[in-house]
Amino acid sequence: MTFSFLHFAVRPLRLLSGWVLSGALLGLCAVAHAQSLQPPEIAARSYLLLDLTSNQVLAERDADSSSDPASLTKLMTAYVVFTALHEKKLSLEQTLPVSARAWQERKGGGSLMFIDTTMTPTVDELLRGMIVQSGNDASVALAEGVAGALDPFVAMMNRQAQAWGLKNTAFKNVTGLNEPGHKSTARDLAVIAGHIIRDFPKEYAYYSIKDFRYNNISQPNRNLLLRRDPSVDGMKTGYTEAAGYCLIASAQREFPNLGADGKSGGPRRLLSVVLNTTSKEARADESQKLLNWGYYSFETVRLFEAGKPVTTGPVWQGKTDKALLGASGAVFVTVPKGEAGKLQTKVERADPLLAPISRGQRVGTIKVVTSAGAPVLELPLVALDAVEQAGFFGRLWDTIRLWIK
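Because the structure is a prediction, the values reported are computed rather than measured.

Basis of the calculations
- Residue numbering note: each chain is counted from 1, following its sequence as written.
- In view of the model being predicted, local features appear only for residues whose pLDDT reaches at least 70, and side-chain atom pairs are presented and counted only at 80 or more, with totals across whole chains, interfaces and linings using the full set of residues.
- Water and hydrogen atoms were dropped before computing side-chain values, which therefore reflect all heavy atoms in the structure.
- Here a strand is any run of E in DSSP of at least two residues, a helix any run of H or I of at least four, and the numbering for each starts at the N terminus.
- Under the scheme applied here, a residue whose accessible area is under 20% of the maximum for its type counts as buried, over 50% as exposed, and between as partly exposed, the area being computed with a 1.4 Å probe on protein chains only.
- For the purpose of counting charges, residues Lys and Arg are taken to be positive, whereas Asp and Glu are taken to be negative. His and the chain ends are not included.
- Only one rule defines a salt bridge in this text: a Lys or Arg side-chain nitrogen within 4 Å of an Asp or Glu carboxyl oxygen.
- We call two residues in contact when some of their heavy atoms are within 4.5 Å.
- Each axis is a line fitted through C-alpha atoms, and for a helix only the stretch in contact is used; angles between axes span 0 to 180 degrees, taken between their N-to-C directions.
- Between 65 and 115 degrees an angle is taken as roughly perpendicular, under 35 as roughly parallel, over 145 as roughly antiparallel, and anywhere else as oblique.
- By the definition used in this description, the sense in which the near helix is turned from the far one sets the handedness, with an anticlockwise turn below a right angle giving left-handed and a clockwise turn giving right-handed.
- Definition of nonpolar core: a set of buried residues of the types Ala, Val, Leu, Ile, Met, Phe, Trp, Tyr and Cys, connected through side-chain atoms within 4.5 Å.
- Paired rings are identified among Phe, Tyr and Trp, the last through its six-membered ring, by centres lying within 6.5 Å, and are further divided according to the angle between planes into stacked (under 30 degrees), edge-to-face (over 60) and tilted (the rest).

Could you give an account of the side chain of Asp-137, with specific residues and numbers?
Following the sequence through the fold, Asp-137 ends up in helix α4 (residues 136-147). No salt bridge forms around the buried Asp-137; measuring N to O, its nearest opposite-charge neighbour Arg-106 is 5.2 Å away. Setting aside residues no more than four positions away along its own chain, Asp-137 makes contact with Ala-102, Glu-105, Ser-111, Leu-112, Met-113, Phe-114 and Ile-115.

Rendered as structure tokens:
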């Protein structure tokens, strides 16, 4: 098995750059580390297991294979609506009309919130209807509320997918009903789900709601893991005859080694994607299998704390003679259980370091390897503080010293 890192700006490959979802580290350069751990047998056409704390893919099969995303489409629908909320184009208390087009979703055979043209539900109610009940009618009403019509909203969904580099994803509608050209992959869907969790942590709470009642009709969340595993707090189910039974699930559990001191406990979040299983039970069972394996077989450790120097470097021609150097943010890495204590850090930096040096300027590379020297992680070494250039005589003196050196 090979580790890879999921990138939330450029379409991920087997060996690729990653972005720690804590928001602390940008431009993380990862080197894949071959592992002997084999995932359990998963009865799904394609799947992916992602450690969102370290942003490492722990297991995958056919994760770039084109699939019908079914109602997993509504993850992107929700992301665009959440964006509109944060841009103050909508408010949760705002009521929206139910158009004839939204009501016509009753004829499509998909999941419904059961709204009609006499109703004016709030945005909050429609979000619950779309996320908890997977209502196609709620999805249409929200899309029309944001963009005025479905076509411009779908264009917004596709622009967002393009901005993230999701070249294997194309949306033709807001609901996920079968339509030629409407497609995605397990990897791309993991990117979308990860962005919801990272960009909208408050709104992510909608995905943990177990039941929602509207128009005197109560419907349960179809994500069975919300009732089976207390650590699972989202995300989304999907089903069409072409897509099979699909589930994206996210769980967060407390583990040691994730605190700022590298020893105390902290939350570790995993995200599983299973596509095209045979039943509601199967998609839940296979997701649970992946999540449990990821937690029990691997450990995630904090290697570096945000803002804390990894090393110092001598500076020439500057107002100070030393620079604090480190990673641009907190750095986590996931390794098989028992391997964390064997990791070693190597620092390679430019020499000499000449002022001026700006905060965040790359001056070298941090490499994390196993005790045997196998690469695990590679990321930029940056200046944690700016170093201003010295005056004329200070620069002249250091120039002479460098020439002699």
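Still more ground to cover, so stick around.
Run through the packing of helix α1 (residues 74-86) against helix α6 (residues 186-199), naming residues and quoting values.
Put simply, α1 and α6 touch, their axes get as near as 9 Å, and they point 30° apart. One finds that α1 runs roughly parallel with respect to α6. The chirality of how α1 crosses α6 is left-handed. In this structure, α1 contributes Leu-75, Met-76, Tyr-79 and Phe-82 to the contact, and α6 contributes Ile-192, Ala-193, His-195, Ile-196 and Asp-199.

A description of the nonpolar core should follow, citing residues and the corresponding values.
Counting 65 residues, the largest nonpolar core has Phe-82, Leu-127, Tyr-207, Met-235, Ile-248 and Leu-271 as the members making the most contacts within it. Looking at this core, the element that brings in the most residues is α1, giving nine residues. Judged by nonpolar contacts, the second largest core, of 23 residues, contains Val-301, Ala-327, Ile-357 and Leu-381.

How would you explain the packing of aromatic side chains if you had to name every residue and give the values?
The geometry of an aromatic ring pair is captured by two quantities: the separation of the ring centres and the angle between the planes. Across all of its chains, the model carries eight aromatic pairs by this definition. With centroids separated by 6.4 Å and ring planes inclined at 15°, the aromatic side chains of Phe-82 and Tyr-206 adopt a geometry described as stacked. One end of the pair, Phe-82, is in helix α1; the other, Tyr-206, is in the loop between α6 and β6 (211-214), with 124 residues separating them in the sequence. Residue class for Phe-82 comes out buried when judged on its relative accessible area of 0%.

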